[in-house]
Amino acid sequence: MNSIPRVEMPAPQILMSLLGVGFTIAYVLFFYNSGAASEIGKPSLDAYIEVLLLGLPTVVLLMGAMWIHQTETDSEFHISLVVWTISMAVMFSVAIGAALSVIEPTLTMEEQLLLLLLSTGFGASAGVVVGIRSIKARHQQRQHDRSLERERRTEAKRSQLEYLNQYLRHEVLNEANKISGYASLLREQASIDDDMANYLETVCQSSKEIEVFIQSIRSILDDEIF
């Protein structure tokens, strides 16, 4: 019996989804506990705008969770999106709470709670936007650094290959030519016997094979360098 494959969600995506669901639950509980649900249900422009303002943070948070699932940025950066979201939500709520504490209390408790709820939601939405931009910037910087590192390694490899190419040409190939040249001179001496002539012929032949082998290696090195 085939088992159903498990789809594992990364922790940041789960946290962003939970934040979106949490805001939705907070909105629903607030309006039903405060009796404001009937006000939203009235067919008026203010009610529609209020519904849009309340639903926007939830949509943004869930879109942030979807972005984590679809993005190709490095996964180690994704947790920072959660940090940005929570930090901005707290900052907005603290700022609005501080403002409400110093302003003359002309608003009811329910209105003050609504402002805190809205500010927290929009702070979280701003955190999603800022967090995504921050992650993209860090990812691009890392890609740039990786590109520079690849270029540095490629240049170092090219320098090593150039040195090896020069070494084969000036050192190994020259020595092989010397061996072949001296062996040819000795082979032309009339005083050597047949065995010695055969040995020198073998040396000359081996030297030529070494030269051909070195030339082949240098051709490969030239292709790698250029």
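None of these values were measured; they are calculated from a predicted model.

1. Section: the overall build of the chain
Along the backbone of the chain there are 6 helices and 0 strands. In the chain, the order of α-helices and β-strands from amino to carboxyl end is α-α-α-α-α-α. Residues classed as buried in the chain amount to 28% of the 226 residues present. For the chain, the accessible surface area stands at approximately 15600 Å², while carbon and sulfur atoms represent 62% of it.

2. Section: a nonpolar patch on the surface
A cluster of nonpolar side chains, contributed by I14, L15, L18, I79 and V83, occupies part of the molecular surface with about 420 Å² of accessible area. Looking at the nonpolar patch, the elements with two or more residues in it are α1 (11–34) and α4 (79–102). In terms of residue count, the dominant contributor to the nonpolar patch is α1 (3 residues).

3. Considering the side chain of T58
Counting through the fold element by element, T58 comes out in helix α3 (residues 45–70). When neighbours within four sequence positions are excluded, T58 is seen to be in contact with G20, F23, T24 and Y27.

4. Focus: the nonpolar core
Counting residues in each nonpolar core, the largest one holds 22 residues, and the members touching the most others are M16, L54, L61, W67, L81, L114 and V128. Contributing elements (two or more residues each) for this core: α1, α3, α4 and α5 (109–187). For this core, the element with the most residues is α5, which contributes 7 residues. The next biggest cluster of nonpolar side chains, apart from the first, holds 5 residues, and it includes L161, L168, I214 and L221.

5. Concerning the side chain of T73
Tracing the chain through its elements places T73 in the loop between α3 and α4. Looking at T73, the relative accessible area reads 12%, which means it is buried. Within polar-contact distance, the side chain of T73 engages the side chain of T71 at 3.1 Å. Within the structure, T73 has its side chain in polar contact with the side chain of H78 (distance 3.0 Å). Excluding residues within four positions of it along the chain, T73 makes contact with W67, H78, I135 and H139.

6. Remarks on the confidence of the model for the chain
In this model, the chain carries an average pLDDT of 79, and 85% of its residues clear a pLDDT of 70 or more. Looking over the chain, one finds the lowest element-wise mean pLDDT in helix α2 (residues 37–40), namely 48, and the highest in α4, namely 89.

7. Concerning α4
Taking 1.5 Å of rise per residue, 24 residues should cover 34 Å, and α4 covers 35 Å from first to last C-alpha, within 8% of that figure. Looking at α4, one finds that the buried residues are S80, L81, V82, T85, M88, A89, S93 and L100.

8. Quick word on the packing of α4 against α5
Across the interface, α4 lies against α5 with an axial gap of 6 Å and an inter-helix angle of 145°. Crossing of α4 against α5: the hand is right-handed. Broken down by class, the residue content of the contact of α4 with α5 amounts to 16 nonpolar, 11 polar and 1 charged.

9. Looking at α5
Helix length check: α5 (79 residues) gives 113 Å between terminal C-alpha atoms against 117 Å at 1.5 Å per residue, within 8%. The sharpest bend along α5 comes to roughly 35°, located at L168.

10. Some points on the pattern of salt bridges
One pass over the full model with this rule turns up 7 salt bridges. The salt bridge partner of R142 is D74, with a shortest N-O separation of 3.1 Å. Of the two residues, R142 sits in helix α5 while D74 sits in the loop between α3 and α4, which places them 68 residues apart along the sequence. The buried category is assigned to D74, whose relative accessible area is 13%. R152 serves as the salt-bridge partner of E149, at 2.6 Å between the closest nitrogen and oxygen.

11. Topic: the environment of Y182
Here Y182 is to be found in helix α5. Here Y182 falls in the exposed class, since its relative accessible area comes to 58%. Each C-alpha atom of the pair Y182 and C204 lies 8.8 Å from the other, and the pair is 22 residues apart in sequence.

12. A short note on the environment of M63
Within the secondary structure, M63 is located in helix α3. Remark: the alpha-carbon pair of M63 and M16, spanning 47 residues in sequence, is separated by 8.9 Å.

How each quantity is defined
- Residues numbered from 1 in each chain as written.
- Predicted model: local features only at pLDDT ≥ 70, side-chain atom pairs only at ≥ 80, totals over all residues.
- Heavy atoms only, no water.
- Helix = DSSP H or I, 4+ residues; strand = E, 2+ residues; numbered from the N terminus.
- Buried < 20%, exposed > 50% of the residue type's maximum accessible area, 1.4 Å probe, protein only.
- Areas by Shrake-Rupley, 256 points an atom, 1.4 Å probe, with all protein chains shown as cover.
- Patch = residues over 30% accessible without salt bridge, like charges linked within 9 Å, V, L, I, M, F, W, Y side chains within 5 Å.
- Salt bridge = Lys/Arg side-chain N within 4 Å of Asp/Glu carboxyl O.
- Contact = heavy atoms within 4.5 Å.
- Core = buried A, V, L, I, M, F, W, Y, C linked by side-chain atoms within 4.5 Å.
- Polar contact = N/O pair within 3.5 Å; in protein donor to acceptor, adjacent residues only side chain to side chain.
- pLDDT = per-residue confidence, 0-100.
- Expected span 1.5 Å × (residues − 1).
- Axes fitted to C-alpha atoms, helices over the stretch in contact; angles between N-to-C directions.
- Left-handed = near helix turned anticlockwise from the far one by under 90°.
- Nonpolar A, V, L, I, M, F, W, Y, C, P; charged D, E, K, R; others polar.
- Bend = angle between axes of the 7 residues up to and from the residue.

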